[in-house]
2 protein chains.
Amino acid sequence: MSGRYVFDFDEPAEGGKGLLGGKGAGLAEMTALGIPVPAGFTITTDASRDYLEAKELPEGLEAEIDEHLTALEERTGKGFGDPDDPLLVSVRSGAAVSMPGMMDTILNLGLNDDSVEGLAETTGNERFAQDSYRRLIQMYGEVVDGIDADNFERALAELKKQRGAQQDVDLSAGDLEQLVSNFKELYEQETGSSFPQDAREQLSRAVRAVFDSWDNPRAQVYRRAHHIPDDLGTAVNVVQMVFGNKGGRSGTGVAFTRDPSTGEAGLYGEFLANAQGEDVVAGIRTPQPLQEMKERLPEAFEQLLDTMRRLEEHYRDMQDIEFTVEDDRLYLLQTRSAKRTAAAALKAAVEMVDEGLISREDAVARIDPAQLDQLLHPMLDPNADYEIAAKGLNASPGAASGKIVLDADTAAQQGETEPVILVGWETSPDDIHGMIAAQGILTAHGGMTSHAAVVARGMGKPCVAGCEELSIDADTHSVRIGRHELAEGDVITIDGGSGIVIAGPVELVAPQINEDFETILGWADNNRRLQVRANADTPEDAAKAREFGAQGIGLCRTEHMFMADERLPIVREMIMASGEDERRDALEKLLPMQQSDFEGIFEAMAGLPVTIRLLDPPLHEFLPPLEEATDQRMRERIKSLQESNPMLGTRGCRLGLLWPEIYEMQVRAIIRAAVAVEERTGEAPLVEIMHPLVGFAEELHRLRAITIATANEESEEVEYLVGTMIELPRACIRADEIAEHADFFSFGTNDLTQTTLGFSRDDAEGKFLTRYLEDGVLERNPFETLDQSGVGDLMRVAVERGRSTREDIKMGICGEHGGEPASVAFCHGLGLDYVSCSPYRVPLARLAAAQAALAERGAAYVAAGG
Amino acid sequence: MSGRYVFDFDEPAEGGKGLLGGKGAGLAEMTALGIPVPAGFTITTDASRDYLEAKELPEGLEAEIDEHLTALEERTGKGFGDPDDPLLVSVRSGAAVSMPGMMDTILNLGLNDDSVEGLAETTGNERFAQDSYRRLIQMYGEVVDGIDADNFERALAELKKQRGAQQDVDLSAGDLEQLVSNFKELYEQETGSSFPQDAREQLSRAVRAVFDSWDNPRAQVYRRAHHIPDDLGTAVNVVQMVFGNKGGRSGTGVAFTRDPSTGEAGLYGEFLANAQGEDVVAGIRTPQPLQEMKERLPEAFEQLLDTMRRLEEHYRDMQDIEFTVEDDRLYLLQTRSAKRTAAAALKAAVEMVDEGLISREDAVARIDPAQLDQLLHPMLDPNADYEIAAKGLNASPGAASGKIVLDADTAAQQGETEPVILVGWETSPDDIHGMIAAQGILTAHGGMTSHAAVVARGMGKPCVAGCEELSIDADTHSVRIGRHELAEGDVITIDGGSGIVIAGPVELVAPQINEDFETILGWADNNRRLQVRANADTPEDAAKAREFGAQGIGLCRTEHMFMADERLPIVREMIMASGEDERRDALEKLLPMQQSDFEGIFEAMAGLPVTIRLLDPPLHEFLPPLEEATDQRMRERIKSLQESNPMLGTRGCRLGLLWPEIYEMQVRAIIRAAVAVEERTGEAPLVEIMHPLVGFAEELHRLRAITIATANEESEEVEYLVGTMIELPRACIRADEIAEHADFFSFGTNDLTQTTLGFSRDDAEGKFLTRYLEDGVLERNPFETLDQSGVGDLMRVAVERGRSTREDIKMGICGEHGGEPASVAFCHGLGLDYVSCSPYRVPLARLAAAQAALAERGAAYVAAGG
């Protein structure tokens, strides 16, 4: 395509990682820095893409390889395939995004029956030469011709047995020569051809094999899991072989510039004397701490320390390197940003700021917000031994152990004295008290946004949902989890961060909220434009949210308040009322209860805004299931409230328009609470009253009038805003008309996703949506990551049109996406005023909001030519 | 507002009907034409609007009235309130849109205790004068002071009894003087004040009363029912009284320029000698045919004929007039376009074209498409006597009588030999065979788009749905309809055009599809740009659609084919299959059946396009209800397929992606049918394969590949298009991406309305949507008339974006809106290629499409300064 497919490590190439892959770009960059790197060249990802499309090497590629190979021969003074002084190379895959272990590498290319002798000659090491050759045949056979590795392992084991050798090193040069011969025979048996003796042919086939490895199943699965696009392709690096297995002055190792577990500065790594890198990876020999190298190879060690320091300074990030020492000479084979734990990421970032290596903004920008999640919940002890009994959806992060309990009432009771896990087919609003008391929730049905999942995330409680290998027998009080038959009362452990279920207890480790974390979030707050609020329904949640840095409540759902034990009978009375008067009587009893809830929340959020959403769910959610209702009148009411698609039925503001007395009671409770709190504390709460599920301006027009009239009856002093959820496509489309009656918009992206995509979240997850994600129809779950080009485009329309009629309208998001980093960035780009998410996600959102602002500033800086 | 609130009839006023109301504009126009009209003036709708807003007469209005009253006095030579020669006036409401009988009129204003004597003197008719006065008191009392009419009727009856009078005319002048006195006493009793003697005060209060009558409950209900905006207001006409009750040379009547029932040209009307118009309306005396007038008042009659001819020529439309003859002198009191039956509208239009009065385009433009509906179905005999037992939703037009049958099987059996009405709580796809056999369907539940309603409309069969006064006792085989207890087998009659249910039989009149109808539709076809297709699932429906002028099939639903008695067991086998192989076996059996359906449809539509939608509904719709399933495996499958919101669940193309073998079978059946039909007839069908519920381009991308691969396996010769329904908001938003894989789009506005508005049609109608319409939150049912500013705006986005990536993409609509005139016009404006609707609505759609094209051309003509 570009006419240029190959770049030498010492050639400046534009395109960076995208073109050269991570490994190739690193080698080129290190070469430019003067860091010792073996010579070689990179075949670009362009070549790979063209190859994968045409299923043959692109025109001109072979010639370019020849050219660069000749240059390499000149530089090294060796000949590729030369029988006397052969040039050996490795062929290493290297995609733009690191996919460790997913693709293939072949070492020692260039060896054949003749040049193996030349190698023995020039190195004076027959054993080394034969060992190198047998490794080539094995790797080449596996990677290029797909021969099962077991064949080679068996042949090796047999020979060792014959020779009475315990370990590979016990084999002599002659033994290895025999092994080469055996391997070649094996190769011919399996492929029908003899092992290629032409070095150039070896190279060509190896390059193709690495290209092909992009599409091998494990690489595909990995990409799916990590949301890596399928069309990136991989670069191929052809690197002069350096040998860590040449003797006592040689060795190989990996090193981190800081401790990847803790982030602490200092030496961290492993070293293996007289070995090749593959030996470390294969686990054949146990490596030693890096300190050992200091004693064995002090000069190379000093050089390594210096190189690591230079690399960190250059990249201004913690590096993970591979190196080889050949006869006291250090070569770096790879450098990349080190993978690290959340805690390590935070500490390293803070320390690098202290060291003056990076700025505070850099520190903020480089923490992965999603990774922080692990710090906010208990985790399975990484050192614990356990067997996974089943896997479900990772619905709410954190791990928990407890006794199996199969109903909410028992959970509520037993949960007071010992840890329990509430296990069920699914959960309903009736189960809230049990969920509150349980350590965690495990359900067989339901997806990432099922009742169990949503409520659990809201509570910051571990939940594994949609665990298909779970079945429950309520009659015998037993459950089956995978192949385990368990009884109520048996202990299980769940990890809601990974979806794992374990039969029996597992040691947990506590959340690590530490100083580094606070420090980074402080820097984040200095850099973000988006406000971060929390979704919280109780004073306790509100307090916790504030502790995590929430700047108000973006969504206080009033229906959870209707579910409390002592209230539900009154709520049912209200629903069963035969007329408005009876209904008002029941509402009158609820009013002081709601008022006291609101007072608690206002106090917890003193000085900060609190958005209260009026009653949203269909009324049948407050009634018992039909089969449990004994009263005939109740049964009739349940039937009359039954709906084919409750998601699209009589709920949201439709309730408020059909039975205005319900919303009137709620408004009254809000205003009375505001008055009471102001009198008590001297500080007026910042009240925002929100109407759900508005689709037509006329709905909000009328509800606003009811709200204001009711509020005025209670007090003319309390100031408050009246706004609406934007959670229907029509509300987005006609945001201009709706904004005329709204002081604020809050995007309810859960419901907006459901209606825009026509995906019922209860029916999609675990069913067709799961298949869509497995099959790659969708790359991401739209209930986790905002569907930016669909739902997001409607939001953009809503923002534009809403502002067209009310320029200063306040806008936020209170769907689950409000705590998801990519979605937070999108909301920043839309120009929203705030995001609101569950209390436990507030720190993530603060960080993501700052990163979005920094990215924007970075882009502006670039655009300004800075 | 305008500074000018009053216009004389002989003053040219801009603003027409909107400003002067229909009646005022007519009087002014007739005055200008030199047609004899009483003198007078019009108070504008502006005045009414200002009054209704401020609740007081706008400033300056009284002075303007004085001014015009003085001019009227000068012109007539009489004085308003003059005791000797009083000017009498009527005050008549007249809104821009005719609302017959909805608002108020007062006659004889200007009479009081003195002027009644002057009137007796100048007319030489004491009895007439007293009669006029007592009428004033009565009407004024009722209209201005809200006195119950019964009071006056009782007083009149009492006097008649005292005097031994049979009829009003038997009362003498003295009797009437006594009645005046009694009425005045009554007035004082009821209001606490004596009857106003000041003529000017009478007038002011009368004007206010007419203004107020705009907001009386019956007017509000009427406006709601006829979608007349609430803020139009009414004009008030102050008209010099002319008297048809002055003696033998006087009279009054109404006349149509053509027969309003048949449309035939010729005299048509009624006349009453020596009477006032109110006598005709009140039904006190029975009017005579207009011919009578020829003998009694030959000169006035000739003048009337001439005037009617001139009016029709001027208005170029059939007129409905009111006239009065006073002492041989003809006065026209009103002219307006005559309300007429659909048949009359057609005939009149055709004849006016023949007479050269109007153009063909005019004829097409003036037929109300909605009215045509009545011609396509049997109707209740307008002369029949019946009592309405209950009312439900007018779900599918037409009337039917038959025996009550409570289950589909019985209906299917009994319906073969005698007319039956299928009565149930609701219907399901299982009931199709019973619905086919029944004359009509009556359900207690469900809305305008419930299963019963949709299927009935598709079949062109009468249906009353959501009849809340219906309850069914299956055990005793009896039903209650309103207060009637009926048994299965009793005859009922339903009118699906009005929603009426009648206990017992009612005479029906047959549909009138006549030559005029064909003629007008022919002219319409010459003028429209939109193609009109039909939604049809069977060869019979296809043939019927073609007969009605359909230009192809826009939606052939394949699921109805799955429901047939002999197929359902195989469909269930397919659903119950334990793996792909078993599923394929069942599908293999279905294939020839589907193929034969398609062959029949292709033959019926030879030469025209047929769009076949692949399987759409969730699979559980094909299984029995859980409580009816006895087989344990079946029960489990039903449970596993149950969904919370099936509308948003595993349906549409999601089925095709989860179980591709289903769509493969359907594609195979389509292609085989096409091959067979081409071989048999020599004509290749125009096949369009449509994938439902696509939201993501990737879905269609994959399904298109499956479709093409499967089709190619069957034949490489058959040509076909592959397209998609656009029925999700996301599909509209990302129509650009989807169009890259689609040869055509078909807007499924039923589902698009459900998702865009968040309205489940099953749950909205009869529930919150009905309340919304009653309360005026919404003006129209969005499932009947497209929500243009919401759903329509999304469609506009889809059209633009779809064409942005595929300029020549074919676009149509196949939702129920495709047969609704306003929505057809909207689709024309969007630039769609076709609309598709149920066969019975095809003629309406043809007409509506032509009208939209003519309106556009008209607008273009105006815009071009023509």
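All values reported here derive from a predicted model rather than from experimental measurement.

(A) Representation of the overall build of chain A in the model. A count of helices and strands for chain A gives 34 helices and 33 strands. Summarising its shape, the C-alpha atoms of chain A cover approximately 105 × 70 × 50 Å along the three principal directions. By element, 46% of the accessible surface of chain A is carried by carbon and sulfur atoms, the whole surface being about 33400 Å². The average position of the 81 basic charges and that of the 151 acidic charges among the side chains of chain A differ by 2 Å.

(B) Expanded view of the pairing of strand β12 (residues 329-337) of chain A. Direction of pairing for strand β11 (residues 319-326) of chain A relative to β12(A): antiparallel, over a ladder of 8 bridges. By the bridge assignment, T324(A) is partnered in β12(A) with Y331(A).

(C) Quick look at the packing of helix α5 (residues 126-145) of chain A against helix α8 (residues 199-213) of chain A. Residues and elements named next belong to chain A. Running from amino to carboxyl end, α5 crosses α8 at an angle of 45°, the nearest separation of the two axes being 9 Å. One element, α5, and the other, α8, form an angle in the oblique class. By crossing handedness, the relation of α5 to α8 is classed as left-handed. Contact with α5, carried on its side by L136, Y140, V143, V144 and D145, involves E201, Q202, R205, A206 and A209 of α8 and no other residues of that element. Looking at the contact of α5 with α8 residue by residue, the classes come out as 6 nonpolar, 1 polar and 3 charged.

(D) Representation of the interface of chain B and chain A in the model. Every contact between the two is made by 48 residues of chain B and, on the other side, 48 residues of chain A. When the two sides are added together, the surface that chain B and chain A hide from each other amounts to roughly 4200 Å², 53% of it contributed by carbon and sulfur. Counting across the chain B and chain A interface gives 5 salt bridges. Note that R801(B) is salt-bridged to D793(A), the shortest N-O span being 2.7 Å. Broken down by secondary-structure element, the contributors of at least two residues to the side of chain B that touches chain A are α24 (632-641), α25 (653-658), α27 (697-714), α28 (729-733), α30 (749-757), α31 (761-775) and α32 (791-805) of chain B. Of all the elements, α31(B) adds the most residues to the side of chain B that touches chain A, at 7 residues. Looking at the side of chain B that touches chain A, its residues break down into 18 nonpolar, 14 polar and 16 charged.

(E) Local environment of the sheet that holds strand β22 (residues 484-487) of chain B. All names here are of chain B. The sheet built from 3 strands is open, its strands ordered β20-β21-β22 with antiparallel pairing. At either margin of the open sheet sits one strand with a lone partner, and together these are β20 (470-473) and β22. The average angle at which neighbouring strand axes cross in this sheet is 20°, direction not considered. Alignment of strand β21 (residues 478-481) against β22, held across 4 bridges, turns out to be antiparallel. From the neighbouring strand, V479 faces β22, where its bridge partner is L486.

(F) Seen up close, the relation of the copies chain B and chain A. Between chain B and chain A, the superposition needs a rotation of 179° and an axial shift of 0.3 Å, giving an RMSD of 0.5 Å. On the angle and the small slide along the axis, the relation comes out as a two-fold axis.

(G) Main features of the packing of aromatic side chains. Summed over the entire model, instances satisfying the criterion amount to 32 aromatic pairs over all chains. Plain terms: the ring middles of F696(A) and F759(B) are 6.1 Å apart, the flat faces sit at 40° to each other, and that makes the pair tilted. In this pair, F696(A) is assigned in the loop between β29 (686-691) and α27 (697-714) and F759(B) in the loop between α30 and α31, connecting two distinct chains. Pair check on accessibility: F696(A) and F759(B) agree, each one buried. Members of the aromatic cluster, joined through ring pairs, are Y133(A), Y140(A), Y187(A) and F195(A). Over the ring of W214(A) we find R223(A), and its NZ or CZ is 3.9 Å from the ring centre. Directly above the aromatic system of Y834(A) lies the positively charged group of R533(A), at a separation of 3.9 Å from the ring centroid.

(H) Representation of a negative patch on the surface within the structure. Residue and element names in this part refer to chain A. Together, D84, D114, E117, E121 and E177 make up a region of like negative charge exposed at the surface. You can see D84 is positioned in the loop between β3 (79-80) and β4 (86-87). When its relative accessible area of 56% is taken as the criterion, D84 is described as exposed.

(I) Structural detail: the confidence of the model for chain A. Of the residues in chain A, 96% have a pLDDT of 70 or more, and the chain-wide mean is 90. Note that residues 861-866 of chain A has pLDDT below 50 and, in this model, 1 contact with residues that lie over four places away or in other chains.

(J) The sheet that holds strand β20 (residues 470-473) of chain A, seen in detail. Residues and elements named next belong to chain A. Spatial ordering of the open sheet is given by β20-β21-β22, a layout of 3 strands whose pairing is antiparallel. In this open sheet, the two strands that pair with only one neighbour each are β20 and β22 (484-487). Across the sheet, the mean angle from the axis of one strand to that of its neighbour is 20°, orientation sign disregarded.

Cut-offs used in this document
Residues numbered from 1 in each chain as written. Chains lettered and ligands numbered in written order. Predicted model: local features only at pLDDT ≥ 70, side-chain atom pairs only at ≥ 80, totals over all residues. Heavy atoms only, no water. Helix = DSSP H or I, 4+ residues; strand = E, 2+ residues; numbered from the N terminus. Areas by Shrake-Rupley, 256 points an atom, 1.4 Å probe, with all protein chains shown as cover. Lys, Arg positive; Asp, Glu negative; His and termini not counted. Charge placed at Lys NZ, Arg CZ, Asp CG, Glu CD. Pairing = 2+ DSSP bridges. Axes fitted to C-alpha atoms, helices over the stretch in contact; angles between N-to-C directions. Parallel < 35°, antiparallel > 145°, perpendicular 65-115°, else oblique. Left-handed = near helix turned anticlockwise from the far one by under 90°. Contact = heavy atoms within 4.5 Å. Nonpolar A, V, L, I, M, F, W, Y, C, P; charged D, E, K, R; others polar. Buried area = accessible area lost by both parts, 1.4 Å probe. Salt bridge = Lys/Arg side-chain N within 4 Å of Asp/Glu carboxyl O. Least-squares fit on C-alpha atoms with pLDDT ≥ 70 in both. Phe/Tyr/Trp six-rings, centres within 6.5 Å; stacked < 30°, edge-to-face > 60°. Buried < 20%, exposed > 50% of the residue type's maximum accessible area, 1.4 Å probe, protein only. Lys NZ or Arg CZ within 6 Å of the ring centre and 35° of its normal. Patch = residues over 30% accessible without salt bridge, like charges linked within 9 Å, V, L, I, M, F, W, Y side chains within 5 Å. pLDDT = per-residue confidence, 0-100.

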